[in-house]
Number of protein chains: 6
Amino acid sequence: MHQLLHCPSVPQLPWQERPKDAGDLPLWRYESNPIIGRNPQKGITRIFNSAALPWKDGFIASVRGERTNGVPLTYLAHSSDGIHWQIEENPIVLKDKNGNIINPRYAYDPRLVKVEDSFYLIWCQDFYGASIGMAKTEDFVHFEKLENPFIPFNRNAVLFPRKINGMYTMLSRPSDSGHTPFGDIFLSQSPDMEFWGRHRHVMSPSGNWWENVKIGSGAAPLETDLGWLLFYHGVTGTCNGFIYSIGGAILDRDEPSRVLHRCKTFLLTPEKEYEERGFVPNVCFPCAAIADGDTGRIALYYGAADSYVALAFTTVDEVINYILANDETSETDREIGIR
Amino acid sequence: MHQLLHCPSVPQLPWQERPKDAGDLPLWRYESNPIIGRNPQKGITRIFNSAALPWKDGFIASVRGERTNGVPLTYLAHSSDGIHWQIEENPIVLKDKNGNIINPRYAYDPRLVKVEDSFYLIWCQDFYGASIGMAKTEDFVHFEKLENPFIPFNRNAVLFPRKINGMYTMLSRPSDSGHTPFGDIFLSQSPDMEFWGRHRHVMSPSGNWWENVKIGSGAAPLETDLGWLLFYHGVTGTCNGFIYSIGGAILDRDEPSRVLHRCKTFLLTPEKEYEERGFVPNVCFPCAAIADGDTGRIALYYGAADSYVALAFTTVDEVINYILANDETSETDREIGIR
Amino acid sequence: MHQLLHCPSVPQLPWQERPKDAGDLPLWRYESNPIIGRNPQKGITRIFNSAALPWKDGFIASVRGERTNGVPLTYLAHSSDGIHWQIEENPIVLKDKNGNIINPRYAYDPRLVKVEDSFYLIWCQDFYGASIGMAKTEDFVHFEKLENPFIPFNRNAVLFPRKINGMYTMLSRPSDSGHTPFGDIFLSQSPDMEFWGRHRHVMSPSGNWWENVKIGSGAAPLETDLGWLLFYHGVTGTCNGFIYSIGGAILDRDEPSRVLHRCKTFLLTPEKEYEERGFVPNVCFPCAAIADGDTGRIALYYGAADSYVALAFTTVDEVINYILANDETSETDREIGIR
Amino acid sequence: MHQLLHCPSVPQLPWQERPKDAGDLPLWRYESNPIIGRNPQKGITRIFNSAALPWKDGFIASVRGERTNGVPLTYLAHSSDGIHWQIEENPIVLKDKNGNIINPRYAYDPRLVKVEDSFYLIWCQDFYGASIGMAKTEDFVHFEKLENPFIPFNRNAVLFPRKINGMYTMLSRPSDSGHTPFGDIFLSQSPDMEFWGRHRHVMSPSGNWWENVKIGSGAAPLETDLGWLLFYHGVTGTCNGFIYSIGGAILDRDEPSRVLHRCKTFLLTPEKEYEERGFVPNVCFPCAAIADGDTGRIALYYGAADSYVALAFTTVDEVINYILANDETSETDREIGIR
Amino acid sequence: MHQLLHCPSVPQLPWQERPKDAGDLPLWRYESNPIIGRNPQKGITRIFNSAALPWKDGFIASVRGERTNGVPLTYLAHSSDGIHWQIEENPIVLKDKNGNIINPRYAYDPRLVKVEDSFYLIWCQDFYGASIGMAKTEDFVHFEKLENPFIPFNRNAVLFPRKINGMYTMLSRPSDSGHTPFGDIFLSQSPDMEFWGRHRHVMSPSGNWWENVKIGSGAAPLETDLGWLLFYHGVTGTCNGFIYSIGGAILDRDEPSRVLHRCKTFLLTPEKEYEERGFVPNVCFPCAAIADGDTGRIALYYGAADSYVALAFTTVDEVINYILANDETSETDREIGIR
Amino acid sequence: MHQLLHCPSVPQLPWQERPKDAGDLPLWRYESNPIIGRNPQKGITRIFNSAALPWKDGFIASVRGERTNGVPLTYLAHSSDGIHWQIEENPIVLKDKNGNIINPRYAYDPRLVKVEDSFYLIWCQDFYGASIGMAKTEDFVHFEKLENPFIPFNRNAVLFPRKINGMYTMLSRPSDSGHTPFGDIFLSQSPDMEFWGRHRHVMSPSGNWWENVKIGSGAAPLETDLGWLLFYHGVTGTCNGFIYSIGGAILDRDEPSRVLHRCKTFLLTPEKEYEERGFVPNVCFPCAAIADGDTGRIALYYGAADSYVALAFTTVDEVINYILANDETSETDREIGIR
């Protein structure tokens, strides 16, 4: 029976039991998906690729709000049950150390991670090309923009929820400034959130076709007895475009650039109308996994078709057992004569 | 209260009042869209990207009929209410000055404009590459093919409905002969519909992402007290293809290459199944705007997903006020700390 | 009245009469399409592009099973009515002459053809690039992998159901190893299924836009009094990807690289949700045509959107008459002033 | 014996007799090529792709001067013998009708043509993409910039040296804004040098491989009894870049979009070090042909490797006879069993 | 001391001793290279990529003649010393079995191999794409065109000089129809020169950068006691184009798809002006290796810069020893700390 | 009179006076260039893109040695006069902190910089893509490999020769992993050579065409009274490939991401045969500038055509005066009517 570590109680976590016909994959969809539909707020045409955290008695989220001028900005959203959300009217305001407003022209795919009593917002922005932006808040009112951790080009960065060996630790994916037909996950560390180094390679696309073009994190990793549970996205290419599925891996607790286990199959792949049809068809893009320390339940928030926010469920025990059973190194396939 | 100028009464104009839940954009969809479905006529698999005009007591339209051999040709269609259409069985026949038939091998995205008691058909054809073709008719029976106004490569040309400073005036979009990942709107003038010059640049793609790849007109401009109201298409690119939305701008009445106002947001973007799914997913492509001089009502015909004809409504006052409120030069965004 | 030649009785053939509103194309869809939906078997996410044959009292099929690791393998499936299918749990096992298992790492788009009392499985695999793989079976238990007929790059090979002039005869489509924006159908012959030669060109993409990018067979040809009836796929390109439609041609019985008739229009094109939405939107991909010698009925199995198996019907007389009426060489278009 | 028409005496024309070992092509190189070397003037690194005209007792030229900042501008150059040139220190200054300086940011590949006592400068510039610019002068001191004849994208325009049927007549080559892997020559006419129309297609790349990628004029046509003699460039592609050779054609005198004769072979192709090595290796780019009405001698100025100006010679009789002997329509090749 | 097998005496073989300053590579250049210069024959601008054989007291060659219309055809050439060549005036005439002339529109990179008293010409031609063409002659007067061995796309085919295990054996390189940024060598066999099969993969590009883009044979293999000695070309890519070098390998005598030894380094790479400058800069392209059975001397004919024919020398002992010393599997690099 | 700061005496500096015909650019070439030719050492085919430093009484260099297997490695070279060099037989051996050998598979374009009594080697290597590698030595015998400063993709990194505001400071150029048709120079800082941050943008390609594709440093900056003198490379693109020229800029001494002056023109561009012809034609690639504190003389080592090492000279006063005279912000061009 696998356990979450350092994981608080989240009694308000949204939840549905696994349906009978859920198939053999370890994630199942919320039956009333999508939870955020089109035109959810004045001036915003679509919300997707958004991250949520428990906050006070309910939840808070940093959401990618695609404005009616086509430009993505980051907004805060509030919810008591994790399913119904109120989007703030104006985007988050970032200030530098001197209190000057320095909002980027655009900011997309925000992740939100709590590390040692502070909250960190991490997104993709323009810094002479696609790059990682970061800000820090204690109260979700004042956000201090930090130094950019990297020179371009990079996307899909996410922090680990605690320091590892005394170091802030981040996953990211170097890229080009376009649609990027390649991409590996890297790990970097910092003593102070200003200077970054000790860069390590974590994972490349694999020979499993659902993730043979590029991969990227993902939700902030969840700490378990076995290691860091990472939900990430894997991308394959067809003659009619990319397909984004959700994958899973377990990283070493103390040296998280070491991949202990990696699931050969996707955990979820586009099949529903809200995943297959929209601004970018065929996208399931995980951005946040909230776990309840008491029950081991996990609610996974994912963007659907660059148009919606959707929700899927699993438990820490179920998803880890599935990953172990379908580990890259397992021998099942050979028994039936493949490879 | 903004006014249409030189605009006749069109009491038969199709119309639906704005629904309560229409959101904050100034266009709203006809509730029984699409108005022309699949396989509408023997040998025609799809009709879309088509232009309509008031004609006698009803309406007449030039439609893009995609034949079952995949080749697009231009057909006439007739309607009494602007919603239910009868497609002619054979495509329009073009003749030169001597009465010889000289139909192009293909012709697509036809616009239809009345200028000074004559009707002009303008389309895209092959003239050693994608180019503009033009024809003139008085009676919709005899069509005289005119000189091609330009050398290749060009698409999406439309005439202004009257001479400006004594000159026929046309908007068009230079392109390449493929899928064209760029494109600006230009204006050209002619004293006689044979020789064209005084080319001016009108608009480029903007920093508003919904139109950052290419733009093109669109419906023939409507004259208002404020200037020429132009509905055009703006295109953005994703890893899974282009997205075509509808934009709006106001051009100077006497010097229409001057853009007086340009809306930062789209006026309509693909959200409905008939816009997101079809031969080319995610396309809203405006081709004709009919206005009623008495009421200021506007019916906008647009192609959907290269598969259907759809209809949207607005009023001249509502759409102009929206454009002014969201003008490129307005200061709203800065107040909330963006840029 | 056109006749099938050398065609056995297949009383169990699935069938529905042509519906009233089927339009003017000669194929009509099974009303309960798709016949194989998502996640049809443990570990398989999608089945599509699959071929069926009459077998004993029912049917047997070689299906493309896209596993949850994204890799396609070939499975057998069984059915009594040709509509409801049981998929085997494990993929087909191939052996060489010495009985060693030599399954390829992946195998997709399998065709299945009976030639002179043996059954041949033909698929696409990796042989230092996309290439044709072949195997032979008498009993669907033991499959002997044959020599690869060609060096790379090739896809979409299918055998004729009998020797022609004493030679095994195959259609295939040379390609590159990517998404291949070109492609013609070629014919090759072999005295012994090991050495291949007498290569002939059969058909190129045509000026009919629905098939102007590439073409490929398709279902194994059906022999008729007029010639070999070939259902093939034709592909066109849009700014948002490829569109796969079904075309038809008649090849000379004795010299089948000669195209006697070729239909200018598609016989079926993506219009239904299960064809327009899925892993690869807008795909109708014919893989097997089963005919009943008694009635002339034809059941055509085709892949839909790389996600489903679907079924369409026609009769030999109806489809041949349609092809003749829309033959490339007919004069219909010119009468109405086109070209 | 072929004759030049309307051609003045140019006794100062540079000249060398055909050397014995000149091979079978009708052009031969000046033995002291290149005539303008590297760094010919302060601030100018290379001069090439330049046009010359007789002027007073000597010659005047508009030259492409590639400045040490990499930007090309147009300069005047003077010569008494057509071989040794003095380059002016500053680029040509263009003014609009009101005398305001309106020099383009860059201007390249200038041609210079005398039409009815005025001199016209025609070049390529930026007008929201590569476009044709024009200016007029009587005295080579005052240059009036004319309206741009076309919207983008276009390059390689050149005027005919007299009006044809009362119309100014121009050749040009529509293009894209990059390196343009395609290109045909078109003809356009104007009554007034402001409005352009009656666009006609002249020539496409041919099946002769030396010109199978794109073609473009070239030197202003020379009028002969047989028609307009056009020296143009033809381009082929290799895995290591483009190759520019010099071709020849004869256009109809009254209807110059009709090609009367076109030479299957190049007239000159890169073989010398100054043609094969430089800023763009393997370029022979003809820009001006000066003929002497008395002797029929022709001096052809061509750019070499985008680094030098070079000179070649022929006579009107010799080059026309060669073109006729190697006309596209001649039967020589068939006699030896080719095609 | 390594020996040639089945190798006749060729006392007339051209030869120069290894110069002192030849460096450490086993091939050295003929000091008067190139042996065939520009414009070697009326109507032919360049000769390169050509193959030679001993014939009577001298030599005969099939040469690629690039005509002044840019189209390559195959000519015969004669020489008494292997250095000075007379090119025939007209290209080779091919006939089918019935004596009809069926010359291809173009034919390039011809190889010439003697197998069991017949001579085979093998080249690249258009068969709906780049493909292998073959012909047979006994007397170099009558050439019978054989069946095309493969469907497209393929280049660089060459026969082994004797049957192996009773089978005609050929090397070739599958490709695309363009400049082909990939390419492996394959082996195929035929009992009768009409039907081909038993296709085997031989070699891929290696991690040695000089051959990391594509490889292709090459000269017909020479039989030695150690195995078949193959001179092939290896290609690398730079930002300014491809570089073609000459490589060497030893193939198993009885099962020649097995590579016994393969040299990590090139044997010759472009360094001389006639190799670095020309129609395609930076090309050394081996096409024929003639060996003298008495002395073990080898004369290697190679194309230079797609503009010239050049000659290099070695001995069978010297080149094999070098290959063995630099074998892929040798350990030298590791000793000095690399990898 | 501009001065070098913190610059030691280098009496052994190679030197030639400026020739009379050197033109108006501030750099002049060594008359016996190239100083390192082809095949300079056993197993090495070309040496280029190499950096030198004064060392003891002579010089030491880190050179890019392109081995005969095509793979680049870094070697040391020694010279007493800076012109004649002895290349070491084996590549540099790198060790980690524990003394284990960890040489990269390849390493190219090494720079060598002395910072505070240690020597740093900086090169490009594979770290899941093109990345910066670094090593430190005190004695040129033991090299300790340091942490990689960045995640991919990056090239052309160089250190400043002293800490700035207590921080190690580096210039680099983010890139893709291919031929990279874009590229800006960035600055990063580190307190400890392990963690890097405070990334700043320095320069983009400019509108001066010789550097409009990408730029990259270059030689380690030289400190002067005016600021840091940076020799960098600027690249432009032609239809036949890239052109690499040498540019110059002055960066602020205390805040070196501020560009104080930037020269509009190149300082040197490919013109000589050893620059225009070779493995990559048209490359001048500066890698090291050695200055003599006594005289202000500068010797600039640059790679030529990816085939040779060449040398150019200037003085600090001459080059700075030229940069100031041709500063981006100067008004010269406007005076002559440009822009």
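Thresholds applied
Residues numbered from 1 in each chain as written. Chains lettered and ligands numbered in written order. Predicted model: local features only at pLDDT ≥ 70, side-chain atom pairs only at ≥ 80, totals over all residues. Heavy atoms only, no water. Helix = DSSP H or I, 4+ residues; strand = E, 2+ residues; numbered from the N terminus. Rg over C-alpha atoms; globule rule 2.2 N^0.38 Å. Buried < 20%, exposed > 50% of the residue type's maximum accessible area, 1.4 Å probe, protein only. Areas by Shrake-Rupley, 256 points an atom, 1.4 Å probe, with all protein chains shown as cover. Contact = heavy atoms within 4.5 Å. Buried area = accessible area lost by both parts, 1.4 Å probe. Salt bridge = Lys/Arg side-chain N within 4 Å of Asp/Glu carboxyl O. Nonpolar A, V, L, I, M, F, W, Y, C, P; charged D, E, K, R; others polar. Pairing = 2+ DSSP bridges. Least-squares fit on C-alpha atoms with pLDDT ≥ 70 in both. Axes fitted to C-alpha atoms, helices over the stretch in contact; angles between N-to-C directions. Phe/Tyr/Trp six-rings, centres within 6.5 Å; stacked < 30°, edge-to-face > 60°.

Asks: Summarise the overall build of chain A; cite the residues concerned and give the values.
Replies: Scanning chain A for helices and strands turns up three helices and 22 strands. The C-alpha atoms of chain A give 19 Å as radius of gyration, which agrees with the globular expectation for 339 residues (20 Å, within 12%). The dimensions of chain A, computed from C-alpha atoms along their principal axes, are 65 × 45 × 45 Å. Of all 339 residues assigned to chain A, the portion counted as buried reaches 70%. When the accessible surface of chain A is totalled, it reaches about 11200 Å², and 46% of it is carbon and sulfur.

Asks: Now, about the interface of chain A and chain F: what can you tell me, with residues and values included?
Replies: Residue-level contacts link 29 residues of chain A with 29 residues of chain F. In total, chain A and chain F occlude about 2300 Å² of area from one another, counting both sides; carbon and sulfur atoms represent 68% of this. When the area that chain A buries against chain F is broken down by residue, the three leading residues are Ile151, Phe195 and His199 of chain A, summing to 29%. For the interface between chain A and chain F, the tally reads four salt bridges. Ionic pairing is found between Glu147 of chain A and Arg200 of chain F, a salt bridge with its closest N-O pair at 3.0 Å. Of all the secondary-structure elements, those providing two or more residues to the side of chain A that touches chain F are strand E12 (168–174), strand E13 (185–190) and strand E14 (195–203) of chain A. Broken down by element, the residue count for the side of chain A that touches chain F peaks at seven residues, all from E14 of chain A. Looking at the side of chain A that touches chain F residue by residue, the class counts come to 14 nonpolar, ten polar and five charged. Direction of pairing for E14 of chain A relative to strand E14 (residues 195–203) of chain F: antiparallel, over a ladder of three bridges. Bridged to Gly197 of chain A within E14 of chain F is Phe195 of chain F.

Asks: Pulling in residues and values, what's your account of the relation of the copies chain C and chain E?
Replies: Two chain copies here: they are related by a rotation about an axis and a translation along the same axis. Of the transformation superimposing chain C on chain E, the axial component is 0.0 Å and the angular component is 180 degrees, with the fit at an RMSD of 0.0 Å. The two molecules are tied by a two-fold rotation axis, judged by turn and shift. Taken together, the interface assignments show that 100% of the residues at the interface of chain C recur at the interface of chain E, consistent with an identical surface on both copies.

Asks: Go over the pairing of strand E9 (residues 130–137) of chain F, please, and point to the residues and values.
Replies: Residue and element names in this part refer to chain F. Of all eight residues in E9, seven are buried; the element is thus mostly enclosed. Across eight bridges, the pairing between strand E8 (residues 118–126) and E9 is antiparallel. Counted as the bridge partner of Tyr120 is Lys136 from E9. Counted along the chain from E8 to the antiparallel partner E9, the turn is three residues long, and its residue Tyr128 has a positive phi close to 55 degrees.

Asks: Break down the relation of the copies chain A and chain F for me, with residues and values.
Replies: Under the fitted operation, chain A is carried onto chain F by 0.0 Å of movement along the axis and a turn of 179 degrees, and the coordinates agree to an RMSD of 0.1 Å. A share of 100% of interface residues in chain A that are also interface residues in chain F marks the association as one of identical surfaces.

Asks: A description of the arrangement of the chains should follow, citing residues and the corresponding values.
Replies: The interface with the most contacts, out of nine pairs of chains in contact, is the one formed by chains C and E. Looking at chain A next to chain E, you find no contact at all, with the nearest C-alpha pair sitting 18 Å apart. Taking C-alpha atoms as the reference, chain B and chain F come no closer than 18 Å and do not contact one another.

Asks: So, the sheet that holds strand E1 (residues 28–29) of chain C: which residues are in play, and what are the values?
Replies: All names here are of chain C. Read across the open sheet, the four strands follow the order E1-E22-E21-E20; overall the sheet is antiparallel. The outermost strands of the open sheet, each flanked by one partner alone, are E1 and strand E20 (284–291). Set on the sheet, helix H2 (residues 316–325) makes contact with E1, strand E21 (297–304) and strand E22 (308–315); between it and E22 the angle comes to about 85 degrees.

Asks: Residue-level account of the packing of aromatic side chains, with values.
Replies: Taken as a whole and assessed by the stated rule, the structure comprises 122 aromatic pairs over all chains. Ring centres of Trp55 of chain D and Phe119 of chain D lie 5.5 Å apart, and the angle between their planes is 90 degrees; this geometry places the pair in the edge-to-face category. A residue pair is termed long-range when its members are at least 10 positions apart, and Trp55 of chain D in strand E2 (residues 44–55) and Phe119 of chain D in strand E8 (residues 118–126) qualify at 64 residues. The burial state of Trp55 of chain D is the same as that of Phe119 of chain D; both residues are buried. A ring pair is formed by Tyr106 of chain F and Tyr108 of chain F, whose centres lie 5.9 Å apart and whose planes are at 10 degrees; its orientation type is stacked. Residue Tyr106 of chain F shares its accessibility class with Tyr108 of chain F, and that shared class is buried. Pairwise contacts between aromatic rings join Trp15, Trp28, Tyr30 and Phe313 of chain A into one cluster.

Asks: Explain the pattern of salt bridges to me, and be specific about the residues and the numbers.
Replies: Applying the stated criterion across every chain yields a total of 102 salt bridges over all chains. Glu275 of chain A is the partner of Arg29 of chain A in a salt bridge, and the nearest nitrogen-oxygen pair spans 2.9 Å. Taken together, the residues span a long stretch of sequence, with Arg29 of chain A in strand E1 (residues 28–29) and Glu275 of chain A in helix H1 (residues 273–276) at a distance of 246 residues. Each of Arg38, Glu273, Glu276 and Arg277 of chain A, Arg38, Glu273, Glu276 and Arg277 of chain B together with Arg38, Glu273, Glu276 and Arg277 of chain C takes part in a single network of salt bridges with overlapping partners.

Asks: Describe the environment of Glu116 of chain C, listing the residues and the values that go with them.
Replies: All names here are of chain C. Looking at where Glu116 falls in the secondary structure, it is placed in the loop between strand E7 (108–115) and strand E8 (118–126). Judged by relative accessible area, Glu116 falls into the partly exposed class, the value being 48%. Counting along the chain gives 60 residues from Glu116 to Asp176, while the straight-line C-alpha distance between them is 32 Å. Those residues in contact with Glu116 that sit more than four places away from it in its chain are Pro161, Lys163 and Tyr168.

Asks: So what about the interface of chain C and chain E? Which residues, and what values?
Replies: Across the boundary between the two partners, chain C contributes 30 residues, which contact 30 residues of chain E. At the boundary of chain C with chain E, total buried surface from both sides reaches about 2300 Å², with 68% on carbon and sulfur atoms. For chain C, the biggest contributors to the area lost against chain E are Ile151, Phe195 and His199 of chain C; these three give 29% of the whole. For the interface between chain C and chain E, the tally reads four salt bridges.

Asks: Pulling in residues and values, what's your account of unusual backbone geometry?
Replies: In this chain, Pro152 of chain A is followed by Phe153 of chain A through a cis amide linkage whose omega measures 5 degrees. Among the secondary structure elements, Phe153 of chain A is positioned in the loop between strand E10 (143–145) and strand E11 (154–159). In this structure, Gly218 of chain B follows Ser217 of chain B across a cis peptide bond, with omega equal to -10 degrees. The residue Gly218 of chain B is located in the loop between strand E15 (214–217) and strand E16 (222–223) in this model. The backbone of Asn39 of chain E shows a phi angle near 50 degrees, a positive value even though the residue is not glycine. Position of Asn39 of chain E among the secondary structure elements: in the loop between strand E1 (28–29) and strand E2 (44–55). For Thr180 of chain E, which is not a glycine, the phi torsion comes out positive at approximately 55 degrees. Note on placement: Thr180 of chain E falls in the loop between strand E12 (168–174) and strand E13 (185–190).

Everything listed here is a matter of geometry and, on its own, says nothing about what the molecule does.
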